[in-house]
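# Coordinates in review
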Amino acid sequence: MGLWRLLQYFHLVGCVSLPGPSIVSISSFNLEHTLCFLPGLETPLDTRFTVQILHLRRRTWRPVTACLELRAGQTCDLTAVLKDPTDPYRARVQAVTSTQTSNWTVSERFTPLSDTVLGPPDVTVSGCGNYLLLHITLPTKALKQLKQLYRRVVLQVRRSRDGVQFNLSLPYNEENKISYLQQGVEYCVSVSVTSLINYNCVASTPRCAFTSPPRPTSSLHMLLSLLGACCALAFLLFGLVVCGGQLLFKIWRKALERTLSCVLHRRNGRTAPAGASDDMSAMQQHREGFADCLLPGPASSSSVQWH
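All values derive from a computational prediction rather than experimental measurement.

### Thoughts on the sheet that holds strand E12 (residues 175-178)
- On the basis of which strands lie adjacent, the open sheet formed by three strands has the order E8-E9-E12 and antiparallel pairing. Each edge of the open sheet carries a strand with a single partner, namely strand E8 (122-128) and E12. The average angle at which neighbouring strand axes cross in this sheet is 20°, direction not considered.
- Taken together, the seven bridges between E8 and strand E9 (residues 131-137) define a ladder with antiparallel strand orientation. Its bridge partner being in E9, Asp122 is matched across the sheet by Thr137.

This is the structure we're talking about:
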């Protein structure tokens with residue numbers, strides 16, 4: 001009876017197999033490849049997982065040295081293993097315990113260049129005049145391969161003021177220019193890249209910039225205009241005061257000189273001696289002085305008669 005139970009136990013153990021991984025897949029972003037898997041149902045906690053890859057042209061499975069004893073939930077980096085970006089590959093995962101091994105679970109066919117997702121490059125935007133300048137920087141990893149892969153950039157331009165947007169497709173360059181935009185307006189640009197064999201792309205987050213410095217507000221503009229007008233009027237008034245003062249001083253000086261001259265002529269005429277009444281030249285000089293002052297001569301002078 002005991003022998004029969006022992007044989008029954010070994011029969012049950014031999015019939016119960018270790019479940020293999022349920023899902024095996026390869027994901028790739030900017031030519032960085034990662035293998036992911038899910039353990040099968042009722043997988044023991046002490047189970048380890050091993051990974052192998054197949055180069056379809058060579059048709060030989062090779063173990064991945066860094067992924068021979070993975071635990072459930074861990075991933076395997078295949079970036080350094082998938083060296084030929086244009087060749088197809090497959091990967092497979094097996095569950096292993098100290099006494100059992102599961103069947104292999106194989107992934108779908110994977111080609112690095114065509115199946116990778118082209119992530120957004122680093123973008124900086126600056127405005128000048130009526131255009132925007134875009135500077136595009138590639139990720140540091142797999143820089144050479146990505147630069148050969150990129151062919152065109154797709155720009156989605158959106159005006160922040162009213163949400164109007166348009167798309168541009170340009171040849172790939174590290175520096176691009178978006179022309180014929182409105183001045184003093186903010187635009188936001190998101191960038192994605194495409195290639196001839198890969199259309200799996202992700203757009204960058206929008207980067208915003210003004211085409212030119214924002215215009216001053218109307219109140220500030222009016223204040224500056226009024227201040228300028230006041231300054232101009234003050235300079236004008238100051239000039240008028242200075243010029244008018246100089247002109248009045250000249251007129252006043254001429255009037256004063258003429259008045260003094262007339263006073264001197266009158267004083268000289270009243271103090272002249274009587275014996276000089278027969279002197280023709282003195283009388284003539286006295287009359288000419290009065291004519292210059294536009295004043296009537298003294299009565300004593302006009303009464304002189306010659307005998």
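Next comes the rest of the description.
### Regarding the sheet that holds strand E10 (residues 152-159)
- As summarised here, the arrangement of the four strands in space is E11-E10-E13-E14, forming an open sheet in which the pairing is antiparallel. The sheet terminates laterally at strand E11 (165-171) and strand E14 (207-210), the two strands that pair on one side only. Taking the axes of each pair of neighbouring strands and ignoring which way they run, one obtains an average angle of 30° across the sheet.

### Here's the deal with the nonpolar core
- Counting residues in each nonpolar core, the largest one holds 24 residues, and the members touching the most others are Leu132, Leu134, Leu155, Ile178, Val189 and Val191.
- Every element with two or more residues in this core is listed here: E8, E9, helix H3 (143-149), E10 and strand E13 (186-194).
- When residues of this core are assigned to their parent elements, the largest contribution, four residues, is made by E13.
- Not counting residues up to four positions away in its chain, the partners in contact with Leu132 are Val125, Ser126, Gly127, Asn176, Lys177, Ile178, Leu181, Tyr187, Val189, Ala209, Phe210 and Thr211.
- Of all hydrophobic cores here, the second largest spans 19 residues; its members include Phe49, Cys67, Leu70 and Val93.

### As for the pattern of salt bridges
- Applying the stated criterion across every chain, the model contains two salt bridges.
- In this structure, the salt-bridge partner of Arg57 is Asp87, at a minimum N-O distance of 3.3 Å. Separated by 30 residues along the polypeptide, Arg57 in the loop between strand E3 (48-55) and strand E4 (60-63) and Asp87 in the loop between strand E5 (76-77) and strand E6 (89-96) bring together distant segments of the chain.
- Here Arg57 falls in the exposed class, since its relative accessible area comes to 63%.

Reading guide: rules and limits
Residues numbered from 1 in each chain as written. Predicted model: local features only at pLDDT ≥ 70, side-chain atom pairs only at ≥ 80, totals over all residues. Heavy atoms only, no water. Pairing = 2+ DSSP bridges. Helix = DSSP H or I, 4+ residues; strand = E, 2+ residues; numbered from the N terminus. Axes fitted to C-alpha atoms, helices over the stretch in contact; angles between N-to-C directions. Core = buried A, V, L, I, M, F, W, Y, C linked by side-chain atoms within 4.5 Å. Buried < 20%, exposed > 50% of the residue type's maximum accessible area, 1.4 Å probe, protein only. Contact = heavy atoms within 4.5 Å. Salt bridge = Lys/Arg side-chain N within 4 Å of Asp/Glu carboxyl O.

Geometric values such as these leave the question of function open.
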